Amino acid sequence: MSKTWRPATQLVHGGTLRSQYGETSEAIFLTQGFVYDTSEAAEARFKGETDGFIYARYGSPTNDMFEKRMCALEGAEDARATASGMAAVTAAILCQLKAGDHIVAARALFGSCRWVVETLAPKYGIECTLIDGCYLENWEKAIRPATKVFFLESPTNPTLEVIDIAGVAKLANQVGAKVVVDNVFATPLFQKPLELGAHIVVYSATKHIDGQGRCLGGVVLSDKEWIDENLHDYFRHTGPAMSPFNAWTLLKGIETLPLRVKQQTASAARIADFLAEQRQVANVIYPGRKDHPQADIIAKQMSGGSTLVAFELKGGKEAAFALQNALDIIKISNNLGDSKSLITHPATTTHKNLTDEARAELGISAGTVRLSLGIEDAEDLIEDFAQALSKVRS
């Protein structure tokens, strides 16, 4: 595999393994186990003296191709593919912690991510401090002698706040903590957390990497030493492995990632500008706009905007529901990163389990709406919004 290939080429050819039949498309190895020529060969493989696959829970040729292709895109040494994005998040955090350790996490997290650090981890004696992650002084103040992990999303879900990853990594390195970044909203095309100093990157491959609403998947990426010492045994023994069929589906999805994300991002920028001019809209947040609260950080660490737009309607929940119900092309769903444009009301779906106070801290009001752009014609999407907004009271 050429190290000089650019991302679009890596995503078509990187990590490819071919069987003796020389297939063009990657093969799906739907097998639980593997056969050995001799007992001695089986012993050597289990001892790690020879390379090869042992059991599909540990790895398979199809999963290996997906992991290698993600490594090529992310600039990581090693990766493990998981059954879902939340399996990736949970594995990345818990595999390196023990009772008595401490997590510092940005409070602006997807609901399930927040549950892992705020509810699940404390059950095992791991403490967590949630902070407003947009200010580096909050990370510094939250550090304790037992702090081992910093965890953040950037941009955040659903309000698209952007956190200074390099600044957080610098603080973490001073105390020997590891920075875990959920990079879903930026995609690996627009932000490289490992280059910015983060130690571990996680994705819900369910989102842009599949990009067509077909299957679940996740991936954890880091240096080989960290994966060998922390994730390897956790992964083998707790069983969050990705299905080979899903790995194959994701390999097909990742081939078109740059094409889809380019179109989605261009549409997102246009629609963000359109929404900002509408009388029914109180506020628009988009990483590509100059009025974004963290525009200076975005300029330093992101090479593009996002496929998502967050905006707030003046009429609260009633206006949000009226808008969503009136849309024709854009569909109501809690997913994102799809080739179809999707719209979500976070307060009643993805973040409904948070208290009113917690949602207010995150900037999620009753009128907040999250929009994930697809690959449809942008003019059609703008026309769809225009007709839907005409049915919303200002």
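Before reading further, recall that the structure is shown in the block above.
For clarity, every value in this text was computed on a predicted model and none was experimentally measured.

The rules behind the values
- Residues numbered from 1 in each chain as written.
- Predicted model: local features only at pLDDT ≥ 70, side-chain atom pairs only at ≥ 80, totals over all residues.
- Heavy atoms only, no water.
- Core = buried A, V, L, I, M, F, W, Y, C linked by side-chain atoms within 4.5 Å.
- Buried < 20%, exposed > 50% of the residue type's maximum accessible area, 1.4 Å probe, protein only.
- Helix = DSSP H or I, 4+ residues; strand = E, 2+ residues; numbered from the N terminus.
- Contact = heavy atoms within 4.5 Å.
- 1 Å grid on protein atoms, 1.4 Å probe; cavity = no way out; pocket = protein on both sides within 12 Å on 5 of 7 lines; lining within 4 Å.
- Points joined across faces, edges and corners; volume = space filled by probe spheres on them.
- Nonpolar A, V, L, I, M, F, W, Y, C, P; charged D, E, K, R; others polar.
- Salt bridge = Lys/Arg side-chain N within 4 Å of Asp/Glu carboxyl O.
- Phe/Tyr/Trp six-rings, centres within 6.5 Å; stacked < 30°, edge-to-face > 60°.

## Topic: the nonpolar core
Within soluble globular proteins, side chains that are nonpolar tend to cluster in buried spots. In terms of nonpolar packing, the biggest core is built from 31 residues, with Phe 66, Met 70, Tyr 203, Ile 209, Val 219, Leu 221 and Leu 250 touching the most fellow members. At the level of secondary structure, the elements contributing two or more residues to this core comprise α3 (61–74), β1 (78–82), β6 (200–204), β7 (218–222), α10 (244–255), α11 (257–276) and β9 (308–313). Ignoring sequence-local partners within four residues, the contact set of Phe 66 consists of Ala 81, Ala 205, Ile 209, Gly 218, Val 219, Met 242, Ala 247, Leu 250 and Leu 251. Formed by 28 residues, the second largest nonpolar core is a distinct cluster that contains Ala 88, Ala 91, Cys 95 and Val 116.

## Thoughts on empty space enclosed by the protein
Inspection of the entire model under this criterion finds one cavity of 30 Å³ or more. What the largest cavity holds in volume is close to 40 Å³. As for the largest cavity, its lining consists of Val 184, Thr 187, Pro 188, Tyr 203, Ser 204, Lys 207, His 208 and Ile 209. Residue composition of the lining of the largest cavity, by class: four nonpolar, three polar and one charged.

## Some thoughts on helix α7 (residues 165–175)
All buried positions along α7 are accounted for by Ile 165, Gly 167, Val 168, Ala 169, Leu 171 and Ala 172. On the buried face of α7, the contacting elements are α6 (136–142), β4 (147–153), β5 (178–182) and α12 (295–301). Backbone geometry just after α7 places Gly 176 at a positive phi near 75 degrees.

## With respect to the pattern of salt bridges
Tallying each qualifying case throughout the model produces 17 salt bridges. In this structure, the salt-bridge partner of Lys 252 is Glu 26, at a minimum N-O distance of 2.9 Å. Of this pair, Lys 252 sits in helix α10 while Glu 26 sits in the loop between α1 (7–13) and α2 (39–47), and the two are 226 residues apart along the sequence. Note on Glu 26: relative accessible area 5%, which makes it buried. Residue Glu 118 is joined to Arg 114 by a salt bridge in which the shortest nitrogen-to-oxygen separation is 3.1 Å. Of the two residues, Glu 118 and Arg 114 are both situated in helix α5 (residues 111–123); the distance of four residues between them amounts to about one turn of the helix.

## Overview of the packing of aromatic side chains
By convention here, two paired aromatic rings are described through the distance between centres and the angle between planes. This structure, assessed with the given rule, holds six aromatic pairs. Measuring from centroid to centroid gives 6.4 Å for Tyr 36 and Phe 46, while their planes differ by 65 degrees, and the two rings are edge-to-face. Taken together, the residues Tyr 36 in the loop between α1 and α2 and Phe 46 in helix α2 connect sequence positions ten residues apart. Assessed through its relative accessible area of 22%, Tyr 36 is described here as partly exposed.

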